[in-house]
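Tertiary structure, described
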Amino acid sequence: MTLTSIDFCENKDKDTYWEIRNVHFGMFNLVIGLNATGKTRLINVISNLVKMLSRKTPVLLNGNWKLAYKDRKKDDIYHYTLEISDGVVNFEEMTINQKPVLEREK
């Protein structure tokens, strides 16, 4: 599977609100930008999500993730949405080729 896009935000409605939107990936990627524009933070957002989903971290980190993956062998498109606040999963959804396969709230 290949990550093809990501949107992320955290601390909605707070002074520390931060977001990254419409990041699209290809087979090979180079993240470049000026200092303090979010390059490392983007990599950490992806890394932290992987750690949470693989249960390699004992806590759930706050944030709202929207990701798209492509299974290049089957040509399937996966969309995954995860919303966590105060260590609680408020919403989680996964679709494969726009067909729901997982949906849960709180």
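Keep in mind that this is a model prediction, so the values were computed, not measured.

Right, let's get into the overall build of the protein. Scanning the protein for helices and strands turns up 1 helix and 6 strands. Listing every helix and strand of the protein by position from the N terminus yields β-β-α-β-β-β-β. Computed over the C-alpha atoms, the radius of gyration of the protein is 14 Å, within 12% of the 13 Å expected from 2.2 N^0.38 for a compact globule of 106 residues. Taken along the three principal axes of its C-alpha coordinates, the protein extends 40 × 35 × 25 Å. The 106 residues of the protein split such that 32% are buried. In the protein, once contacts between residues fewer than 6 apart in sequence are set aside, the share between residues at least 24 apart is 31%. Mean positive and mean negative side-chain charge positions of the protein (16 and 14 charges, respectively) differ by 7 Å.

What follows deals with the sheet that holds strand β6 (residues 99-105). Spatial ordering of the open sheet is given by β2-β1-β3-β4-β5-β6, a layout of 6 strands whose pairing is antiparallel. Among the strands making up the open sheet, the edge pair consists of β2 (18-24) and β6. Strand-to-strand twist across the sheet, computed as the mean angle between neighbouring axes with direction ignored, equals 10°. Sheet analysis places strand β5 (residues 88-96) next to β6, joined by 6 bridges and oriented antiparallel. Considered in β6, the bridge of Met94 is made with Leu102. The strands touched by helix α1 (residues 39-53) within the sheet are β1 (2-10), β2, β3 (63-71) and β4 (76-85), with β1 carrying the most contacts at an inclination of about 100°.

In this section: the packing of aromatic side chains. On inspection of all chains with the given rule, the structure shows 2 aromatic pairs. With centroids separated by 6.1 Å and ring planes inclined at 55°, the aromatic side chains of Phe8 and Trp18 adopt a geometry described as tilted. Separated by 10 residues along the polypeptide, Phe8 in strand β1 and Trp18 in strand β2 bring together distant segments of the chain. As far as burial versus exposure is concerned, Phe8 and Trp18 are alike and both buried. Both rings, one in Phe8 and one in Trp65, keep their centres 5.0 Å apart while their planes meet at 55°; by these two values the pair is tilted. One end of the pair, Phe8, is in strand β1; the other, Trp65, is in strand β3, with 57 residues separating them in the sequence. Trp65 matches Phe8 in its accessibility class, with the two residues each being buried. Three or more aromatic residues link up through ring pairs in this structure, and these residues are Phe8, Trp18 and Trp65. A cation sits over an aromatic face here: Arg41 above Trp18, 4.1 Å from the ring centre.

The final tally for this structure, using the stated rule, is 4 salt bridges. The salt bridge partner of Glu10 is Arg41, with a shortest N-O separation of 2.2 Å. Taken as a pair, Glu10 in strand β1 and Arg41 in helix α1 lie far apart in primary sequence, 31 residues in all. Judged by relative accessible area, Arg41 falls into the partly exposed class, the value being 34%. Between Arg104 and Glu92 there is a salt bridge; the shortest N-O distance is 2.4 Å. A residue pair is termed long-range when its members are at least 10 positions apart, and Arg104 in strand β6 and Glu92 in strand β5 qualify at 12 residues.

Conventions used here
- Residues numbered from 1 in each chain as written.
- Predicted model: local features only at pLDDT ≥ 70, side-chain atom pairs only at ≥ 80, totals over all residues.
- Heavy atoms only, no water.
- Helix = DSSP H or I, 4+ residues; strand = E, 2+ residues; numbered from the N terminus.
- Rg over C-alpha atoms; globule rule 2.2 N^0.38 Å.
- Buried < 20%, exposed > 50% of the residue type's maximum accessible area, 1.4 Å probe, protein only.
- Contact = heavy atoms within 4.5 Å.
- Lys, Arg positive; Asp, Glu negative; His and termini not counted.
- Charge placed at Lys NZ, Arg CZ, Asp CG, Glu CD.
- Pairing = 2+ DSSP bridges.
- Axes fitted to C-alpha atoms, helices over the stretch in contact; angles between N-to-C directions.
- Phe/Tyr/Trp six-rings, centres within 6.5 Å; stacked < 30°, edge-to-face > 60°.
- Lys NZ or Arg CZ within 6 Å of the ring centre and 35° of its normal.
- Salt bridge = Lys/Arg side-chain N within 4 Å of Asp/Glu carboxyl O.

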